[in-house]
Amino acid sequence: MQSNSISSRIEGFYRLPRKDRLVTLARMGGLDETEVAELLNPTPLPFEVADHMIENAIGVLGLPLGVGLNFLINGRERLVPMAIEEPSVVAAASFAARLVREAGGFFAEADPSIMIGQIQLVSIEDLEGASQRILKNTGRIIALANSVHPNMLKRGGGARKIELRPLPETPCGPMLVVHILVDVGDAMGANAINGIAEAVAPLLEEISGGEARLKILSNLADQRLARATARIPFPVLATEQFTGEQVARRIEEAWAFAYADPYRAATHNKGIMNGIDAVALATGQDWRGIEAGAHAYAARDGQYRPLSEWRVHNGALIGSIELPLAVGIVGGNLECNPRANFGLRLLRARSARDLAAVMAAVGLAQNFAAVRALATDGIQRGHMALHARGLALAAGATEDIVDQVVEELIASGEIKLSKAREIVASRKDAA
Ligand code: MEV
């Protein structure tokens, strides 16, 4: 159980050495002793396990694992695991979450975990007649689907509905696509839904008189949407240079740009996915499936649009996001990759829907941080500060001098490793 004293607001966390970060998380109830020990294990994924996960394995790839702080979601403190190679992402999400928590935090929710399985039927002469016959036999089809995964049924999941998508004009002639909608509970559900699609295909052939071809889930999981909102009053948005209202209006203009222009919408959504993918990776999700679903959903009205919306209303900036999030807290990768499970434990994810809701909030936070920076100071300043820190450390700056080296490096206007080495050497000489 999560300790009551947990807070995701930890000032100066980034300044602490790693051990103290872990101790702080442990003290707050975000990690227990075995989890700390597990994280300190230098082998995140033993090669023998990797070798069973994929073919032709030759090694294991590392990625930084960080923790997004300050997240208050539905009144609950959340420590958000984020695995990502890009500097600034974790800091930006935490910064955005800090501003949003001042305004009461995020509100987020997710639909029940309904996945869509598609069965493609070809060689059907009368699409309308076949559709009618399939609908009349819905009970039989659903019963057969549910016989494939009796345990899912016992846990309250199972097949819910049949939907038909006649495609009268494809490049290969007419087709009838049958959607079977299945509540996969706390799993991402790919295996379950694919198994069900394969199991019901022969019955669909019999009823329709057609021939089944593809039997596979759809990654456009639009029956499984997650949403998050935040209301940020003007005073929280004010910067040294701009009033809160000016910042809010500039963010609304940034959103409007993305709404009207797919070239911008792609980048806008990339910023959202920086946060969502980082949580997906840290919690062992199929991030390619999430990406595919997100972008297909973004294009649902025929034009590729932003997944979030930012509007000014009644003295505040109102942000919202909605996207499909097919995620799970059981099954798949999570059963073999111990570190993937670790992220879920840090997050204290209660269900797949809980995880999806958190991810939607993180996506909105990430997007807010990016558009706020872009619409005011630009992002290079913040990026450069982080980059300079990375260079200072790479040049051998120790804890006691790193802040001064970073300052000097930025002031020099030459943010390069050679310059960092020069500054570190002169500091060491002076000491
Ligand atoms: C960079 O990884 C993400 C941004 O480009 C997102 C955006 O432009 O909104 C900063």
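So, unusual backbone geometry
(1) Moving on: Here the phi dihedral of N74 falls at roughly 55°; this positive angle occurs in a residue that is not glycine.
(2) Moving on: Residue placement: N74 occurs in the loop between β1 (65-73) and β2 (76-83).
(3) Moving on: Although it is not a glycine, S88 adopts a positive phi angle of roughly 85°.
(4) Moving on: Positionally, S88 belongs in the loop between β2 and α4 (89-102).

Focus: helix α10 (residues 244-260)
(1) Moving on: In a regular helix each residue adds 1.5 Å, so 17 residues correspond to 24 Å; α10 covers 24 Å between its end C-alpha atoms and thus fits that length.
(2) Moving on: Within the sequence span of α10, burial applies to G244, V247, A248, I251, E252, A254, W255 and A258. Burial along α10 is one-sided: seen end-on, the buried residues are contained in an arc of 155°. Exposed positions of α10 whose direction lies more than 90 degrees from the buried face are E253 and A260.
(3) Moving on: Where the residues of α10 are buried, they touch α9 (234-237), α11 (262-282), β9 (308-313), β10 (316-324) and α15 (352-375).

Focus: the pairing of β10
(1) Moving on: Relative to β10, strand β8 (residues 225-233) runs antiparallel, the two sharing nine bridges. In the sheet register, P233 faces β10, and the bridge partner there is A316.
(2) Moving on: Here β9 runs beside β10; their pairing, made up of six bridges, is antiparallel. Looking across to β10, one finds that E309 is bridged to S320.
(3) Moving on: The turn joining β9 and β10, which pair antiparallel and follow one another in sequence, is formed by two residues; a positive phi near 50° is taken by N314.

What to know about the layout of surface pockets
(1) Moving on: Here the second largest pocket defines a volume of roughly 240 Å³.
(2) Moving on: Contributing to the lining of the second largest pocket are 14 residues, with R300, R305, P306, L307 and S308 lying nearest its centre.
(3) Moving on: Elements supplying a minimum of two residues to the lining of the second largest pocket: α10, α12 (287-298), β9 and β10.
(4) Moving on: Here the lining of the second largest pocket takes three residues from β10, the largest share from any one element.

Points about the domain arrangement of the protein chain
(1) Moving on: Each assigned domain of the protein chain is listed here: domain 1 (13-111 + 226-376), domain 2 (114-217) and domain 3 (381-430).
(2) Moving on: Here domain 1 and domain 3 have C-alpha centroids that lie 29 Å from each other.

Points about the packing of helix α16 (residues 380-394) against helix α17 (residues 399-412)
(1) Moving on: In contact at an axis separation of 9 Å, α16 and α17 are set at 120° when each is read in the N-to-C sense. Relative to α17, the element α16 lies oblique. In terms of crossing hand, the pair formed by α16 and α17 is right-handed. For the pair α16 and α17, contact is made by A385, A388, R389, L391, A392 and L393 and by V402, D403, V405, V406, L409 and I410, respectively.
(2) Moving on: For the contact of α16 with α17, the residue count by class is ten nonpolar, no polar and two charged.

Topic: the sheet that holds β8
The strands making up a sheet are joined through hydrogen bonds of the backbone, oriented either antiparallel or parallel.
(1) Moving on: Strand order in this open sheet of four strands is β3-β8-β10-β9, and the pairing throughout is antiparallel. Each edge of the open sheet is held by one strand with a lone partner, namely β3 (107-110) and β9. For this sheet the average axis-to-axis angle between neighbouring strands, irrespective of direction, equals 10°.
(2) Moving on: In this sheet, β8 lies alongside β3 in antiparallel orientation, the contact comprising four bridges.

Concerning the packing of α10 against α11
(1) Moving on: Where α10 meets α11, the closest approach of the two axes is 5 Å, and the angle between their N-to-C directions is 120°. Viewed along their axes, α10 and α11 adopt a mutual orientation that is oblique. Of the two elements, α10 crosses α11, and the hand of that crossing is left-handed. For the pair α10 and α11, the contacting residues are W255, F257, A258 and A260 in the first and P262, R264, A265 and H268 in the second.
(2) Moving on: Each residue belonging to the contact of α10 with α11 can be placed in one class, and the counts come to six nonpolar, one polar and one charged.

Focus: the pattern of salt bridges
(1) Moving on: One pass over the structure, following the stated rule, counts 24 salt bridges.
(2) Moving on: One salt bridge in this structure joins E211 and R213, with 2.9 Å as the shortest N-O distance.
(3) Moving on: In this structure, R427 engages E408 in a salt bridge whose closest nitrogen and oxygen atoms are separated by 2.9 Å. Separated by 19 residues along the polypeptide, R427 in helix α18 (residues 417-430) and E408 in helix α17 bring together distant segments of the chain.
(4) Moving on: By relative accessible area, which is 30% here, R427 ends up partly exposed.
(5) Moving on: Its relative accessible area of 32% is what places E408 among the partly exposed residues.
(6) Moving on: Connected through salt bridges with shared partners, the residues E35, E38, R345 and R348 form a single ionic network.

Calculation criteria
- Residues numbered from 1 in each chain as written.
- Predicted model: local features only at pLDDT ≥ 70, side-chain atom pairs only at ≥ 80, totals over all residues.
- Heavy atoms only, no water.
- Helix = DSSP H or I, 4+ residues; strand = E, 2+ residues; numbered from the N terminus.
- Expected span 1.5 Å × (residues − 1).
- Buried < 20%, exposed > 50% of the residue type's maximum accessible area, 1.4 Å probe, protein only.
- Arc of directions from axis to C-beta.
- Contact = heavy atoms within 4.5 Å.
- Pairing = 2+ DSSP bridges.
- 1 Å grid on protein atoms, 1.4 Å probe; cavity = no way out; pocket = protein on both sides within 12 Å on 5 of 7 lines; lining within 4 Å.
- Points joined across faces, edges and corners; volume = space filled by probe spheres on them.
- Domains from an automatic or database assignment.
- Axes fitted to C-alpha atoms, helices over the stretch in contact; angles between N-to-C directions.
- Parallel < 35°, antiparallel > 145°, perpendicular 65-115°, else oblique.
- Left-handed = near helix turned anticlockwise from the far one by under 90°.
- Nonpolar A, V, L, I, M, F, W, Y, C, P; charged D, E, K, R; others polar.
- Salt bridge = Lys/Arg side-chain N within 4 Å of Asp/Glu carboxyl O.

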